[in-house]
Structure formats: structure tokens, C-alpha cells
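# Chains, contacts and geometry: an overview
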Amino acid sequence: MTSPLRFQIKQTSTKASGARESARCGTFTLSQSTTAGTDQQHVKRTIETPGCLMYSQKGAVPHLTPDNLRQQSFGGVNISLEQILQTDQPGSFSKWPETSPIPRFKGYKFTLSEYLRLQDLITFCDLRDYSYAAETFRHPTVPPAKKLASNTDYHAVLSTPKGIRQLTLDDYLKTVRHYRPDVVVALADTIAETTTPNEKRIRKSLERSLKWLDQILLERVGQDGTIADRRLEEEKKRRRERKEKKRNTVTAAKTAGEGQQDQEQDQGTEIPKEMDEEIYIEPIPTEPWTDVGLFAAVGGAHLEESRIWSAQETAKKEGVDGFVIDTLSLSALGKDARLKHVQTSLDHLPSDKPRLLYGLHAPEDVLEAVAMGIDLFDTSYPFQLTEDGKASLYYYGPRPAGQDKSNSKTLRSINLWDDEHGDKFVPILEGCGCYACKDNKHTRAYINHLLKTHEMLATVLLMGHNMYQYSQFFTLVRESIQDGTLQEKSTAFLATFGKEPVRTLEKHPNQIIVEAALQKRNQRLEGAEEGVVGAIDMGASTVNTPSLGAAVGVSAEDVEMEDANKSKKRHETEEAGEDGGAKDEVVEKKVKKTAAAESSSPL
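Per chain, the residues get numbers from 1 upward, laid out in the order the sequence is written. Given that this is a predicted model, residues contribute local features only at a pLDDT of at least 70 and side-chain atom pairs are listed and counted only at 80 or more, while totals for whole chains, interfaces and linings are drawn from all residues. To get the side-chain values, take all heavy atoms of the structure and skip hydrogens and water.

## Section: the environment of Leu53
- Turning to its location among the elements, Leu53 is positioned in strand 4 (residues 51–55).
- Counting along the chain gives 323 residues from Leu53 to Leu376, while the straight-line C-alpha distance between them is 7.2 Å.
- Pairs of residues are marked as contacts when any of their non-hydrogen atoms sit within 4.5 Å. In contact with Leu53, other than residues within four places in its own chain, are Ile47, Gly76, Val77, Asn78, Phe124, Leu356, Phe377, Asp378 and Thr379. The numbering of helices and of strands both runs from the N terminus, where a helix is a DSSP run of H or I of at least 4 residues and a strand a run of E of at least 2.

## Some details on the nonpolar core
- Note on terminology: a nonpolar core comprises buried Ala, Val, Leu, Ile, Met, Phe, Trp, Tyr and Cys residues joined through side-chain atoms within 4.5 Å. Whether a residue is buried, partly exposed or exposed follows from its accessible area with a 1.4 Å probe, protein chains only, as a fraction of its type maximum: under 20%, in between, or over 50%, in that order. If you look at the biggest cluster of nonpolar residues, it comprises 78 residues, and the most contacted ones within it are Tyr172, Leu187, Ile216, Phe377 and Phe473.
- With seven residues, the top contributor of residues to this core is helix 13 (residues 457–483).
- Apart from the residues within four sequence positions on either side, Phe473 is in contact with Pro363, Val366, Leu367, Tyr394, Tyr396 and Phe493.
- In this structure, Ala391, Ile414, Ile428 and Ala436 belong to the second largest nonpolar core, which totals 18 residues.

## Some remarks on the UniProt feature "binding site: Zn(2+)" (unreviewed entry) in the protein chain
- UniProt positions are given in the numbering used here, feature names are shortened, and annotations may be inferred rather than shown by experiment. In the numbering adopted here, UniProt assigns the feature "binding site: Zn(2+)" (unreviewed entry) to Cys432, Cys434, Cys437 and His465. What stands out for the annotated residues spanning 34 residues is how close their C-alpha atoms remain, the widest pair being 8.4 Å apart.
- With respect to the helices and strands, the residue Cys437 is situated in the loop between strand 15 (413–415) and helix 12 (444–452).
- On the basis of relative accessible area, Cys437 is assigned to the buried category, the value being 4%.
- Excluding residues that lie within four positions of it along the chain, Cys437 makes contacts with Pro427, Ile428, Leu429, Cys432 and His465.
- Looking at the secondary structure, you find His465 in helix 13.
- The exposure class assigned to His465 is buried, which follows from its relative accessible area of 0%.

## Let's talk about the pattern of salt bridges
- Salt-bridge detection follows one rule: a side-chain nitrogen of Lys or Arg within 4 Å of a carboxyl oxygen of Asp or Glu. For the structure on display, the rule yields 29 salt bridges.
- A salt bridge links Lys10 to Glu48, with the shortest nitrogen-to-oxygen separation between them at 3.8 Å. Highlighted residues: Lys10 in strand 1 (residues 5–12) and Glu48 in strand 3 (residues 41–49), separated in sequence by 38 residues.
- Given the relative accessible area of 35%, Glu48 is considered partly exposed.
- Across the pair Arg247 and Glu244 runs a salt bridge whose closest N-O atoms are separated by 2.5 Å. With Arg247 and Glu244 both in helix 6 (residues 227–255) and three residues apart, the pair spans about one turn of that helix.
- A residue is classified by how much of its surface remains accessible, and Arg247, at 46% relative accessible area, is partly exposed.
- Connected via shared salt-bridge partners are Asp153, Asp189, Arg201, Lys204 and Arg208.

## Observations regarding the side chain of Asn466
- Inspection of the secondary structure puts Asn466 in helix 13.
- Side-chain polar atoms of Asn466 contact the backbone nitrogen of Ser392, separated by 2.8 Å. Here a polar contact means two N or O atoms within 3.5 Å. Within protein one must be a hydrogen donor candidate and the other an acceptor candidate, and residues neighboring in sequence count only if both atoms are side-chain atoms.

## Topic: the packing of aromatic side chains
- Each pair of aromatic rings taken from Phe, Tyr and Trp, with Trp reduced to its six-membered ring, is defined by centres within 6.5 Å and is described as stacked if the planes are under 30 degrees apart, edge-to-face if over 60, and tilted in the remaining cases. Scanning the entire structure with this criterion turns up 21 aromatic pairs.
- Put simply, the rings of Phe377, Tyr381, Tyr394, Tyr395, Tyr396, Tyr470, Phe473, Phe474, Phe493 and Phe497 touch in pairs and so form one group of aromatic residues.

## Considerations on empty space enclosed by the protein
- Cavity means a closed set of points on a 1 Å grid over the protein atoms alone, one where a 1.4 Å probe fits but cannot get out, pocket means an open set with protein on both sides within 12 Å along at least 5 of 7 lines, and lining means a residue has an atom within 4 Å of a point. Grid points are joined across faces, edges and corners, and a volume is the space filled by probe spheres set on the points. Within this structure, the stated rule accounts for four cavities of 30 Å³ or more.
- Roughly 290 Å³ of volume is contained in the largest cavity.
- As for the largest cavity, its lining consists of 30 residues, and the residues nearest its centre are Ala188, Thr190, Ala297, Val298 and Gly299.
- Residue assignment for the lining of the largest cavity shows that the elements contributing at least two residues are helix 5 (199–220), strand 10 (293–298), helix 8 (304–315) and strand 11 (322–325).

## Quick look at the packing of helix 13 against helix 14 (residues 486–497)
- Between helix 13 and helix 14, the shortest axis-to-axis distance is 8 Å and the interhelical angle comes to 140 degrees. The angle between helix 13 and helix 14 places the two elements in the oblique class. Here helix 13 contributes Phe473, Val477, Ser480, Ile481 and Asp483 to the contact with helix 14, which in turn contributes Leu486, Lys489 and Phe493.
- Here the residues of the contact of helix 13 with helix 14 are counted per class, giving five nonpolar, one polar and two charged. Between N-to-C directions, angles span 0 to 180 degrees; the directions come from axes that are lines fitted to C-alpha atoms, helices contributing only their stretch in contact. Throughout this description, any angle smaller than 35 degrees is read as roughly parallel, any larger than 145 degrees as roughly antiparallel, any in the 65 to 115 degree range as roughly perpendicular, and the remainder as oblique. Three residue categories are used. Nonpolar comprises Ala, Val, Leu, Ile, Met, Phe, Trp, Tyr, Cys and Pro, charged comprises Asp, Glu, Lys and Arg, and polar comprises the others, including Gly.

Now the structure itself:
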């Protein structure tokens, strides 16, 4: 089977102490058909490694418009199924068009790329959103992680925006066939518990994941991957039927008054010969999807033996294009312990296939992972900074030309919520080539103002800047691997910028004030809206609407007569007045109106 993915290692660096692998730079290339229905291939996109996939929420990269998105140098988007899969899918896939409605892609199958308008980027579809694996990354508006229901042999549990969902293997396969992402991660029993799992739970998760992987590999090439499960279910069904038949026979014998000895002999009867008969299950023809790359999850949690066994068994599978190293089950451990377990997995994986790692986002953590041989990450870190109102100032290697050298205090980032930036009419970072900083288009003071007025342009500019700095960081890391200075520059980076501060999840005081004012305004608007709706409802009750009368069993003629009576009574009330003096007031008003009209008329 020919895979649409091609991974090529260009160069490796000196091995880190204690590591069997070393950092490497290369290319991760996806090819697709040049013309619909032909075997001619062309390169859709190439990602330089070590590199990144853009983090997304519900298929959209946060805070970036399509034109801003294309300005980034990252070549792919990471999409999680638990965020984007709709509650009526895969059932509603029948409503999707068969081919793309876009003229440029006429004749091509309508896929997730067309649905999200990401045709020029690699769409990498995973089961979960791993960016919130660590408590320190979780945004303040997101509640703490709750323990999900356990996965079973028949489904994996997903935490979707609309609640918990059980995703079966059949639903997963239908989704992949309709979404047709460029790359998909195989369904796996990922341990998402907030506490450290025990050995039995870990072993079960690995066995279940490998079983699903075998079935997915068969389905990928058009074979029936679930035939073994159906045969097993048929065997269980026949076994139950035989037991029931045997039970009925014994009951009938007792009723007929047969002796106890005969009953005991009947109960000890050997298994009927029909149990030994081979059960034939009709294979179900399936649609192959070899145009989709396949990554497999490598787990094992905190047990070294389990991580080694998972890596070795997964590496044996033919047709796997790459690996995702599990860190979600390590979220209760410290960073050093997590890196140690990641290294254990990497030591038993083939070096000619790409590895992706979640859960480690800060630059110094990325440098350690790169030195161990990790190829792909995601852009959760720039998103995290943007959500906090922070802008990146860090650099890798020598200080870039054009940056202010007079500032002796080197900062990793600045928080533009701070009042001190309100009168700083300078770019976020001198010499930065991002849209926000280039040609001093948008100053710190301006972005500070945008944040305090709750304008979305603030996060658009910040996200663009942070993404640009992150991409520059990876570019320089790849260059350091090529020139053999990775270890030297990584040590200098840590000495210059130190470690990433622990995220406290506390909001900036100015952000609290702005959001409180916004919430108060929204409450006033909601109150006013409720008043308007109430007035409309009251007005609607007096409107002559025959259909409304018909809905309650009243004819249109009765409604018209009742409204006429109400109008006549209202007119009589105005004439007579409720207190006896209202009639005189009405007459006086009419006299004044007539006098005013006569005085204004020409002679």
C-alpha cells in the first residue's frame, strides 16, 4: 500500500546525554491526486520538522481570520474529533454533497478540508483536544477536568461541547470515510483519568488500542475489520441458545416425572457437536481510504514495561505512518518525569517515521523534546499567551538585528493588560516581521487600548504576533540542528530566559474590571430585551390574528366582533371618563385644537 505521507530526515545532531536518538530535521510531505479519479500525485503541502501543527478549536484556529491564517508559516491544522463531530453525525453525512461545490475542486470528494476551507493546509484529525492535559494550560473560563466514564471494548468516551459521547469503532470509521482528513490518528483507549491509573487499567487500555488499530488497518485497505467481532458475537449467541435449549429439556424431563438419575446424566451431557461447527460470517464490503495517512497512539502511562511493550507492538504494525506519544495519562506527574517516560517510548520506535508530542508547549520544553527526537508539536503555547493578553519577546540564538539592546532586563513576554503600556507608542517587539509589529503599524499603547475596550482586534494582533515568534523559534531550532549548535544555543536560551512561569489561572486585574463591566452591560441588555419581548407579547394578544383565534378554537368572525366591542367600549370610556370629569377634559382639548386651527388659517 502506498501512503500519501512521506517523511524524510535531512540531518541529525549530536545525541543528548542518556538518549538513544538525537534531534533531527527533515520534511513531512503530503501528496494527493492531481486530477479526480487518477493516480497522478502532486505535493499538497510540506511541513519542515521539527515543526508545528496549528492548534484549532472546532476546526478554526482561534483569533485568526483566513487571511491572517495564511500569513503563518505552519503548514497544517490539528483538529480534534470531540470538538468538531456533530451530535447527528455520522448519520447526517448523507446530506453532505458527494463532490466539492468549489469550481477549482470540481470532481473531488467533499471532505473536511473543503468543509473548513483548509484545502491548502494539511488537516490532522485526532480524537481528543490534548492542549488541556495540563492544569497549568487550562484557560480560567474552562472548568477543571472531570473524570470521564471508562472506555469499553465497544466505544471510547469523548467530552464534546454538548456533553459526553460514546464513539464506537463503526462510527469512527464512518466519520473517517466522510471527513477524509489528510491524516487521522487511530481510535485508542486513551487514559484520561485525573488520577494515576493502576497496572490493570493500563494493560487493558493497551490491548484495546492495539485491537482497534488492527481493525482500522484492515478497513483502511478495504477489508472487513469487524468480522472477527461479529463471529465472536455469533458464537456467544449460539452458546446462549444451547444453554437455553438444555435448560428447557431438563425442565421438560422433570415435568414428565423422569428419575433424578436420568436428570443428572442429562445435565452432564457433553457439549453437542454443533458447537464445533465452524461459523461462517459474510464479509461486509468496505470502502478503502488509503488516501488518508494514519498515525497510531503509543501509551503505557507511567509504567516503563508498559510503555516499552506499547511502542514495540505498535511499531510492528504495517501501514502505520507515524506515532503520537501519550502524555495525557502523565498529567499528574512533573515535567521531568513526563520527559523520562516519553524518552522510554521513543527508544523503542523506528527512527524513519515521524513522532508527534502533546502536552509540552513552552520553548524550553520543546528544546528538550526536540533533542530526544520529537518531530511535531502544536501551537497551544501561542494561544495560551494570547488568552492571557501576553506578547512573546523571546528569541533563540543571538539577539535578532533591530531589537532594542539598551534593555538589560530580558523578558520572555510582556502583559499588554499592564497600565505601563498605555503610553508606549512602540511596536511589541522591535525588528519583528509580524503584521502587528512591521512598520510600527500597531503599538503597545494601541493594543493596550483595544484590550481595555474589549475589541477582538486585540487578540487578532496578539495571536498573529505570538504565532510568528513561535514559527521563527522553530526555524532557528532547525538551523541549529543543521549547523550542530542545538545544545549550545539551548543552554544559552535557558540561561537567558529561564523557565516558563507556572500559570496560576488568575486573570489580570484590568481584565477582571473590563469583563465585569461587560457582564453588567450584558445584564442590562438582557433585561431590556426581556422587557421588549414582554411588550411584544402583550401587544400580540390584542392583534387581530385569525390564525391565532383558530389555534384556540375561535372563528375569525368572533375575533373581529370582540375587537370591535373592545374599540367601542374604549371610545365610550374616553368620552365619559372614569372619574366623571374626563369628559370635560376631552371637550376642552377639542375646543383648544379647533381654536388653534382657526388662528393659523389665512384670512
